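# Coordinate inspection notes
Below are the chains, spelled out letter by letter.
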Amino acid sequence: MRENIHRPFLDTTPENVKTFINSVPQYAQEDDPTFWPENKLHQVRIERLQRQVGWLAEASPFYREKFKEWGIRQQDIQTFEDLQKVPPTTKADLMADPQKFRLQFEKPTIYDQTYSIVYTTGTTSGVPTRYEYTSHDFLGILEAGRRIYKMQYALPGDRVFNVFPLSPLPHVAMFAGSLANAAGISYTTGMTGPAYPDFPIHRSTESVLDQIEIARPQILVGITSFVRRLLQQAVQEGRDLSFLYMLQISGESTTQGMRQKIQESMRACGADHVFISSSYGFTEGGIGWGPCNPDSNLHNIAPDQMYLEILDADTYERVPDGEEGLVAITHLNRRGMPLLRYLLGDLSSISHERCPYCGRIGESIRLSCGSAHVTRTSDLFKVKGVLVNPECIHDVIMNYPEVLEYRIVLENSQPGDPHSGDELILTVAVDPEYHLQEEQLEHWISDVKERVFNSAEIHPDVEIVSDSSTIYDPEKNFKATRVIDNRVQSE
């Protein structure tokens, strides 16, 4: 029966998606809000917003204090237009005292107990920030997880193999197995990650490939840079990956050139048609955003649980669809540590249009720079007074089929002298299979410099290395470090 079900990721239309959903009983039975009429979704979201604000007014130490400071009453926030009266909440606010965000109800239910504690990264102190999910929240995440697997055409009985590295701290990614289980999908963790001497449980790349061939999953998930290298090794060793239909990759944007190389690797391993899905997620949401086909926006598959805005980086005013700004989320159905207009530290743009491919509604995240849907504001840097988005350089360099790996290195023109100016060195490992002769290589380097300047308005120095492992070694690091800033700053 399941072999006859067509997964429409290559010929995605609202009609084909509807046929797929109706052919899977557990998907067909769900009253999915992403397919509701727009007025129905809007009304339900308004009701959820009002209830959420009521919970905050009742039980949030942080927002009770802030509502008083801002002169805002519960009844002042009745619509999403009213939401603009609320100043954004920042990561610094959350990091300063996470427990002030934890709802403290006078009469909590069993579903208000802490179900799981995870940790965010990116604090100025280097100490991860605690974030709690209640049982109520966890069940909401499971529902959203089932929807994202439905959106990406997984079938009950499919198998997922996870090659994300084991985290030394509880991370939101640890929910991934439960999300798959909510869709009736089995889940195996590959135990990748840097070795820990006391307990040698991490597997080598070779061992991970052995396990994948044994498990024969339909879906492989992992960090983009590691998956690329894993597939390169699979090709070299003549591995059989014909059972795969989808790669769920994240951690860096996937250019068209990267997609082509990945597809070539998959075909060499027996998988002719593979859905490459680049997703987006964040600790404070617990919900993944993904595409319904390789060319679509990233969809909010739980618009009944979360609302998204894009805000001007200077004024915090809401900007129109299609215009880039800061990503802000508002929870609509959370009982643990809900947030209003919380700035994730990302830049992007959104659309409210119904998806022409699958027919879903709710906010979707658009491409914002090259192949990137989202840029971390912390990743931006200045060189010679020019603000550089590294995603623009990534989109240029990773569209060259000759490139195996690259790294951006920032240096002072005179080592150790902060007043000597800046240099951007683009270190690139070129695939020896292309056999670029000296004259060809010089022409290639000139082309790289010109395209980087046209995209990022910066002239790089280009340094070619023969060994890609000097830039990224998958046996030591399971994610490539793309930017290293060695500059000494003036005091």
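Heads up: these notes are all about the structure in this document. Per chain, residue numbering runs from 1 following the sequence as it is written. Since the coordinates come from a predicted model, pLDDT governs what is reported: local features require at least 70, and pairs of side-chain atoms require 80 or more to be given and counted, while whole-chain, interface and lining totals use all residues. Excluding hydrogens and water, the side-chain figures rest on all heavy atoms present in the structure.

Attention now goes to the sheet that holds strand S19 (residues 483–485). Note: two strands are recorded as paired if DSSP finds a minimum of 2 bridges between them. In this text, helices come from DSSP runs of H or I with a minimum length of four residues, and strands from runs of E with a minimum of two, each type numbered from the N-terminal end. With mixed pairing, the 4 strands of this open sheet are ordered in space as S18-S17-S16-S19. Only two strands of the sheet have a single partner each, and these edge strands are strand S18 (461–465) and S19. With strand direction ignored, the average angle separating the axes of adjacent strands in the sheet is 20°. With 5 bridges joining them, strand S17 (residues 422–430) and S18 adopt parallel strand pairing. Among the inter-strand pairings, threonine 427 is bridged to a residue of S18, identified as glutamate 463. Any two residues whose heavy atoms approach within 4.5 Å are treated as being in contact. Angles here are taken between N-to-C directions and fall from 0 to 180 degrees, while the axes themselves are lines fitted to C-alpha atoms, restricted in helices to the stretch in contact. Of the strands in this sheet, strand S16 (403–412), S17 and S18 are in contact with helix H12 (residues 438–456), which crosses S18 at around 135°.

What follows covers the pattern of salt bridges. The salt bridge definition used is simple: a Lys or Arg side-chain nitrogen within 4 Å of an Asp or Glu carboxyl oxygen. Inspection of the entire model under this criterion finds 32 salt bridges. Across the pair arginine 228 and glutamate 405 runs a salt bridge, and its minimum N-O distance is 3.5 Å. Residue arginine 228 is located in helix H9 (residues 224–236), and its partner glutamate 405 is located in strand S16; the two are separated by 177 residues in the primary sequence. The same class applies to arginine 228 as to glutamate 405, namely buried. For glutamate 252, the salt bridge is made with arginine 482, and the minimal N-O distance between the two is 3.0 Å. One end of the pair, glutamate 252, is in the loop between strand S6 (246–250) and helix H10 (256–268); the other, arginine 482, is in the loop between S18 and S19, with 230 residues separating them in the sequence. Only protein chains enter the calculation, and the probe is 1.4 Å; a residue is then buried if its accessible area is under 20% of its type maximum, exposed if over 50%, and partly exposed in between.

Within strand S11 (residues 342–351), 9 of the 10 residues are buried, which leaves the element mostly enclosed by the surrounding structure. Pairing of strand S10 (residues 325–331) with S11, which is carried by 4 bridges, proceeds in the antiparallel orientation. Paired with alanine 328 across the bridge in S11 is leucine 343. Looking at chain direction, S11 and strand S13 (residues 375–376) are connected through 2 bridges and run antiparallel. Bridge pairing in S13 links aspartate 346 to arginine 376. Where S11 meets strand S12 (residues 364–366), 3 bridges bridge the pair, whose relative direction is antiparallel.

Strand order across the open sheet formed by 5 strands is S4-S3-S5-S6-S7, with parallel pairing between neighbours. Since the sheet does not close on itself, it has two edges, and those belong to strand S4 (186–189) and strand S7 (275–278), each with one partner. Taking each pair of neighbouring strands and ignoring which way they run, the sheet shows an average axis angle of 20°. With 3 bridges joining them, strand S3 (residues 159–162) and strand S5 (residues 219–223) adopt parallel strand pairing. Among the inter-strand pairings, phenylalanine 161 is bridged to a residue of S5, identified as leucine 220.

Residues spaced three or four apart along an α-helix face the same direction, because each turn holds 3.6 residues. For H9, which comprises 13 residues, the first-to-last C-alpha distance of 19 Å matches the rise-based estimate of 18 Å (1.5 Å per residue) to within 8%. Against helix H8 (205–215), S5, S6, H10 and S16 lie the buried residues of H9. Helix span, expected: 1.5 Å multiplied by one less than the number of residues in the helix.

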